[in-house]
Amino acid sequence: MLAHELTSLQLPGKKKNNKYWDYFERKFLLTGGNLLKVRSSSWKKRRMYKLQEDCRTMWQESKKTVNQDQTFPIDDIESVRRGRQSEGLKKYTEASVEERCFSIIFQGHRKNLDLMASSKEEANRWVTSLEKLMNNIRNLNHKQKSEHWLINCMRKADKNKDNKMSLKELKHFLRQVNIEVSEVYAEEFFKKCNKSEGRYLEGEEIKHFYDLLTHREEIEVIFQSYAQSDGQMSARDLMNFLLNEQREHSPLAFFFSKKAKEQKRMTKDGFLMYLQQEDGSILNPAHKTVYQDMSQPLNHYFISSSHNTYLTDDQLKGPSSTEAYIKALMKSCRCVELDCWDGPNGEPIIYHGYTLTSKILFRDVIRAIKDFAFKTSDYPVILSLENHCTVNQQKLMAHHLVSILGDALVTRPLGTSMPTNFPSPEELRGKFLVKGKRLNKLDAAFSNNNTVEEDTVSEEDEAADCKENGQKSKPKKSKIKLAKELSDVVIYCKSVHFNSFEHARDSQAFYEMSSFKESKAFNLADTSATAFIHHNMDKLSRIYPAGSRTDSSNYNPVPMWNVGCQIVALNFQTPHKEMHLNQGRFLPNGFCGYILKPEFQRSLSSQFNPNTLTNGPWLKMKTFHVMVISAQQLPKLNKEKQRSIVDPLVRVEIHGVPADNCSKETHYLNNNGFNPMWNEKFQFPIHVPELALVRFVVEDYDAASQNDFVGQYCLPLTSVQNGYRHVPLLTKRGDVIPSAGLFVHVILLDAQQ
């Protein structure tokens, strides 16, 4: 059904040569081939894989008696890795087959698909073809994504594959796209399109049905209110719209048709294209790349940080994996944690000590970190060590760090003299810093008397706190012996116990940093906010979840950012609100993992307190106006039940200083996840916009139980574009939901306006 429409939709390519490669690569995938699927040393079976005709779904052969037709969407693929770059392939294959191997990495919790081709050339062709297809799909514009999605739903509804649509198939299709309508409405809709008065819609009738279905009434209203030139927008009309609504000055020449360009007019289709363009979304396009000053000292930035990075599930019996490090780093996490223990055969291991979590080699983790640390961001990565190893295995840890990371590991202060402040992220591009215990002061790095071989130091505060929570049986405040080799790679992030802000100010060097369990950090933020902020003006602070969070849940990171804490470590594997806020905080500035703190959190003269909000440069009274207009193509939550249709509502949340925290929501709409429309207006008073995040949440209303999550999007208020904007929606795990989104009108005004 509508197959000709699908083939007419051009996947973006660069130039003529791309069309040649697109054809042959797509033909290769559509033909498919046999690959060896690797699950273990004994489970290696040859299976058929090929692309389906929709060019959006891969089919894989299955020998199961039930569910033999197994498929997965191309949209679900996060990346394709050449060679033995997954845990499974490294463990279950020999180095000699490196060039024949590749892995398909999925979004979310789905296991990797580890595959082996019959030759190096075949493996390269699979990887190249899949990467090209993924890239083309990701580069589709909003209109193309929407069309592809709808046509795919039409195909599924066309049960007998006759490229026609009966009334029964039309009803099935509407349920597929998340709309429940009455029998009478469906029949009227069918008759309106059925010009031939036959039993089926076909050809132009299906096209007419498509046009009626995708008509955006709200866009029509906006367009007509500004189109004063025979139903089209003149250059003056457009400029009025841009100035009055969007607060921007864009020529938008691209969005005029050829005829409209000659007449200097914009059509309704051109207007919709403008509103749907990526740079016209709610996120300011200038913030999609690194736009902040990256030459400030390291402690002047919020740093995207992970807790117990090796875990993929809970804290007691979940698996540990190098994949967890890779996923965190690919999400621009810039501080990862390594809990190091003595392992067999003299090799240190990483796991959550005294629990049933699985164990992985320290060496393998460092190799994975080296390979993936700078794929998404080239700004520095901090390796936070929790060291429980004996001296001999510590020496091997130091050896692995130095030999694997090489020149990228910072092993002495930058420059030729003892520093008095941190270097900047810019100066540390492509570098690794180690956070851990150190035997002596940093100035020993410039001294010839640095002869201490090993000595005892107190263990990390987090290790002691875990014992206190009953997870570990040894007494609190243990001493450990520290090897000089491991001590010497700790340069700018020396771990020390926190006594008080006064003690830290008077007795600690800038590079001596403390870790705070969440309860202590929240107490300090409540009782000594200004002192905490001043502490973070020349030192680093790391916050970590309570040991009692055995389910890997998270604390709210926002109060910690409010007092200037840089390393606010969260369990990245847990996809809930706290991680959505973290993703929103680090969304702008090129998603590089570093966000420059507001000036009032960096200036020593500042007396900012987020709890009391006395007058100061931080107090900028604004009103954030939000009109939730509509949503488009929300995902169907229960795909197994055809008649399960979303009843959507939208909640708008503000997260920032306590005075700004607020939440408001629309009413819910019955049985319409395709094109629901609310037109509801909200106002939010904002005191400190530089610390505020706005989060849009879509839920499926349920009168009998908790609402179901549909999608969300979070970003800093300072990165919001004014005007009529489309808001993309993300899954719980932070992946884009193709073709789904909200349409809103937003504007941030001075409070008196």
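Identification of the chain as Phosphoinositide phospholipase C from Kryptolebias marmoratus is taken from an unreviewed UniProt entry. Looking at the Catalytic activity (unreviewed entry) heading of the UniProt record, one finds this comment for the chain: "a 1,2-diacyl-sn-glycero-3-phospho-(1D-myo-inositol-4,5-bisphosphate) + H2O = 1D-myo-inositol 1,4,5-trisphosphate + a 1,2-diacyl-sn-glycerol + H(+)".

S.K.: Please explain the UniProt feature "binding site: Ca(2+) 4" (unreviewed entry) in the chain as it appears in this structure.
M.R.: In the numbering used here, UniProt assigns the "binding site: Ca(2+) 4" (unreviewed entry) feature to I645, D647 and N671. Annotated residues spanning 27 residues; largest pairwise C-alpha distance 6.6 Å, indicating a single compact cluster. Topologically, I645 is positioned in the loop between strand 25 (622–632) and strand 26 (648–655). Accessibility expressed as a relative area gives 7% for I645, which makes it buried. In contact with I645, other than residues within four places in its own chain, are R175, N178, I179, E180, K636, N671, N672, G673 and D700. Looking at the secondary structure, you find N671 in the loop between strand 27 (662–665) and strand 28 (677–686). Apart from residues no more than four positions distant in its own chain, N671 is found in contact with N178, I179, E180, I645, V646 and D647.

S.K.: Would you mind showing me how to read helix 19 (residues 518–527) here?
M.R.: Structurally, the α-helix is built with 3.6 residues per turn, so residues lying three or four positions apart point the same way. Looking only at helix 19, the buried set comprises E518, A521, L524 and A525. In a view along the axis of helix 19, the buried residues occupy a sector of 130 degrees, so they form one face of it. Within helix 19, the exposed residues directed more than 90 degrees away from the buried face are D526 and T527. Looking at the buried residues of helix 19, the elements they touch are helix 18 (501–507), strand 21 (512–517), helix 20 (529–538), strand 22 (541–544) and helix 21 (558–562).

S.K.: Can you walk me through the UniProt feature "domain: EF-hand" (unreviewed entry) in the chain in this structure?
M.R.: On the UniProt side, "domain: EF-hand" (unreviewed entry) is annotated at positions that read residues 145–180 here. Annotated as residues 145–180, this span is 64% helix and 6% strand, and its ends, taken at the C-alpha atoms, are 23 Å apart.

S.K.: Where do I start with the sheet that holds strand 6 (residues 101–106) in this structure?
M.R.: Within a sheet, neighbouring strands are paired by backbone hydrogen bonds and run either parallel or antiparallel to one another. Pairing in this open sheet of seven strands is antiparallel, and the strands run 4-3-2-1-7-6-5 from one edge to the other. Taken across any chain shown, the strands that pair with only one partner, and hence form the sheet edges, are strand 4 (70–73) and strand 5 (77–82). Taking the axes of each pair of neighbouring strands and ignoring which way they run, one obtains an average angle of 35 degrees across the sheet. Pairing geometry for strand 5 and strand 6, over five bridges, is antiparallel. Across the sheet, the residue bridging to V80 is I104, located in strand 6.

S.K.: When you look at a positive patch on the surface in this model, what are you seeing that I'm missing?
M.R.: On the surface, R39, K45, K64 and K111 cluster together into a positively charged patch. With respect to the helices, strands and loops of the structure, K111 is situated in the loop between strand 6 and strand 7 (113–116). Owing to a relative accessible area of 73%, K111 belongs among the exposed residues under this scheme.

S.K.: Can you help me understand helix 14 (residues 362–372) in this one?
M.R.: Restricting attention to buried positions, one finds in helix 14 the residues F362, V365, I366, A368, I369 and F372. In a view along the axis of helix 14, the buried residues occupy a sector of 160 degrees, so they form one face of it.

S.K.: Could you clarify how one ought to interpret the packing of aromatic side chains in this entry?
M.R.: Aromatic ring pairs: the centre-centre distance and the angle between the two ring planes describe each pair. Counted by the stated rule, this structure contains 31 aromatic pairs. Note on F241 and Y724: the rings are 6.2 Å apart at their centroids and 10 degrees apart in plane angle, and the pair reads as stacked. One end of the pair, F241, is in helix 10 (residues 235–246); the other, Y724, is in strand 31 (residues 723–730), and 483 residues separate them in sequence. The exposure class of F241 is buried, given its relative accessible area of 0%. Looking at Y724, the relative accessible area reads 15%, which means it is buried.

What counts, and where the lines are drawn
- Residues numbered from 1 in each chain as written.
- Predicted model: local features only at pLDDT ≥ 70, side-chain atom pairs only at ≥ 80, totals over all residues.
- Heavy atoms only, no water.
- UniProt positions renumbered as here; feature names shortened; annotations may be inferred.
- Helix = DSSP H or I, 4+ residues; strand = E, 2+ residues; numbered from the N terminus.
- Buried < 20%, exposed > 50% of the residue type's maximum accessible area, 1.4 Å probe, protein only.
- Contact = heavy atoms within 4.5 Å.
- Arc of directions from axis to C-beta.
- Pairing = 2+ DSSP bridges.
- Axes fitted to C-alpha atoms, helices over the stretch in contact; angles between N-to-C directions.
- Patch = residues over 30% accessible without salt bridge, like charges linked within 9 Å, V, L, I, M, F, W, Y side chains within 5 Å.
- Areas by Shrake-Rupley, 256 points an atom, 1.4 Å probe, with all protein chains shown as cover.
- Salt bridge = Lys/Arg side-chain N within 4 Å of Asp/Glu carboxyl O.
- Lys, Arg positive; Asp, Glu negative; His and termini not counted.
- Charge placed at Lys NZ, Arg CZ, Asp CG, Glu CD.
- Phe/Tyr/Trp six-rings, centres within 6.5 Å; stacked < 30°, edge-to-face > 60°.

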